[in-house]
Amino acid sequence: MMNKKSILAAALAVVLPGMVMGAGTNNAVKIPHYAASLSPAQRGASIATFVRKWGPYAQNMYGVDVRTWSSRLVGQFAHGDATNIQRSLARTTFEGAMAELAGVGHRSTDAQVISKLASPSSVRVGPTSDLLGDTTNDLVFTPIAPCRIADTRNAGGQIAADSNRGFNAWGVTDYLAFGGSGTDCGLASEHPSAVVLNVTAVLPATAGYATVYAGDLASPPFVSNINYAAGAIVNNNVVVALNSTGTDPDYRIYTLRASHYVVDIVGYYDNPHATPLDTTNTIASGTVVNGDDGFVAYAACPDTYVRTGGYCYGAQYQPNAFLLETGANGCVYRNNTGADITITSVGTCARVPGR
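**Observations regarding the overall build of the chain**
The secondary structure content of the chain amounts to five helices and 14 strands. Buried positions account for 44% of the 355 residues belonging to the chain. A total of about 17600 Å² of accessible surface is found on the chain, and carbon and sulfur atoms cover 52% of it.

The structure is reproduced here in structure tokens:
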């Protein structure tokens, strides 16, 4: 009887030889959505579907060999959490799908699911890297609740044919100037290097395409992020590098034909940031009877805080009062002073800000 890994390897052996780079598939095997568990056969079907969907992107955008990449997925699909696997198949971006497999994904709230990626020449990936990770230049992805940052129906009007328009993605108090949200979408103090956008072409005049690209480029790259027909409403998720000079605009939209555009931001990439801990102290007092050992406990930490240490004072300066132990929960004193003494305990508590 074949084990899970054998079934997954067999699934890959069927998928890889016939996989056409840049093309989707219409015969992907579907599995029960969010089933509590997956059989070995279902796990095999899952990895086959996943590799068909993302193999072209991984190979052409990140320069990895699809066979090597897919073989490394076998362990995750053989032993990974069933829900994580199923969620990864529903994700509309490669980065989000990989995050779901790792158990740290954030469910997409987009109205539509992208079933087919554009060809390798039609996607500009923001964070550039030679591998699926970089020891010196990794960026961290942060998902956010979808927030509208541009809508040309509300401001600016259609983008004219064979032209572009610049927009800001972060560092503003609101996006009203671009027809978007009256809030800062939580990005006023951020400084991302790239953003993940859901870009929708609305009622273009005739068939054409659109390109989303960094605002500091002199001209749009010869690629397509959205292909549309006359009068259509069509969208796509785009990972776009932002203007590296720090000046306006952050990104631009080029359109071959006159069209309205709606842009929602769903996440961003930035350099890792260390988060300083939020600390506070708790203070409590207790009496140690003469001739006895006494325990003085730390006061409880506030909600959401965790004790990280502590100390006691008040008796160490008195003759014949001895600190026997400083433990996780308080201090033990021996009192041979001839009178009762008061000891004060100070607990140190910490948390990650915002939690």
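**So, the environment of N225**
Along the polypeptide, N225 turns up in the loop between β4 (208–214) and β5 (226–228). In terms of polar contacts, N225 uses its side chain to reach the backbone amide nitrogen of V212, at 2.8 Å.

**Things to note about the side chain of D264**
Here D264 is to be found in strand β8 (residues 260–270). Judged by relative accessible area, which is 15%, D264 ranks as buried. Polar contacts involving the side chain of D264 include one to the side chain of R148, which spans 2.8 Å. Aside from chain neighbours lying at most four places away, what touches D264 is C147, R148, V196, L197 and N198.

**Digging into the nonpolar core**
Residues I149, L197, V199, Y251 and I253 are the most contacted members of the largest nonpolar core, which totals 30 residues. Contributing elements (two or more residues each) for this core: β1 (140–151), β3 (194–202), β4, β5, β6 (233–241), β7 (251–255) and β8. Residues contacting V199, with those up to four places away along its chain left out, are V212, I226, V234, N235, N236, V238, I253, Y261, V262 and V263.

**What to know about the environment of L101**
Counting through the fold element by element, L101 comes out in helix α5 (residues 94–101). For L101, a relative accessible area of 10% gives the class buried. In sequence terms L101 and S88 are 13 residues apart; their C-alpha atoms lie 6.0 Å from each other. Those residues in contact with L101 that lie beyond four places of it in its chain are F50, L73, Q76, F77, N84, I85 and S88.

**Overview of the sheet that holds strand β11 (residues 306–313)**
Judged by pairing direction, the sheet is antiparallel, and its three strands sit side by side in the order β9-β14-β11 without closing on themselves. Each edge of the sheet is formed by a strand with only one pairing partner; in this case those strands are β9 (278–288) and β11. Strand after strand, the sheet turns through a mean of 20° between neighbouring axes, direction not considered. Of the strand pairs in this sheet, β11 and strand β14 (residues 341–351) are connected by seven bridges, and their pairing is antiparallel.

**Things to note about the sheet that holds β8**
Spatially, β1-β8-β3-β6 is the arrangement adopted by the four strands of the open sheet, whose pairing is antiparallel. One side of each edge strand has no neighbouring strand; the edge strands of this open sheet are β1 and β6. For this sheet, the mean inter-axis angle between neighbouring strands, taken without regard to orientation, is 20°. Note: β3 against β8, nine bridges, orientation antiparallel. Each residue of the ladder has a partner; that of T200, found in β8, is V262.

**Some remarks on the packing of helix α4 (residues 82–90) against α5**
Remark: α4 packs on α5, axes separated minimally by 8 Å, with the N-to-C direction vectors making an angle of 175°. The orientation of α4 relative to α5 falls into the category roughly antiparallel. Along its contact with α4, which presents N84, I85, R87 and S88, the element α5 presents A97, E100 and L101. Taken together, the residues of the contact of α4 with α5 sort by class into three nonpolar, two polar and two charged.

Conventions used here
- Residues numbered from 1 in each chain as written.
- Predicted model: local features only at pLDDT ≥ 70, side-chain atom pairs only at ≥ 80, totals over all residues.
- Heavy atoms only, no water.
- Helix = DSSP H or I, 4+ residues; strand = E, 2+ residues; numbered from the N terminus.
- Buried < 20%, exposed > 50% of the residue type's maximum accessible area, 1.4 Å probe, protein only.
- Areas by Shrake-Rupley, 256 points an atom, 1.4 Å probe, with all protein chains shown as cover.
- Polar contact = N/O pair within 3.5 Å; in protein donor to acceptor, adjacent residues only side chain to side chain.
- Contact = heavy atoms within 4.5 Å.
- Core = buried A, V, L, I, M, F, W, Y, C linked by side-chain atoms within 4.5 Å.
- Pairing = 2+ DSSP bridges.
- Axes fitted to C-alpha atoms, helices over the stretch in contact; angles between N-to-C directions.
- Parallel < 35°, antiparallel > 145°, perpendicular 65-115°, else oblique.
- Nonpolar A, V, L, I, M, F, W, Y, C, P; charged D, E, K, R; others polar.

No statement about biological role is implied by the geometric values presented.
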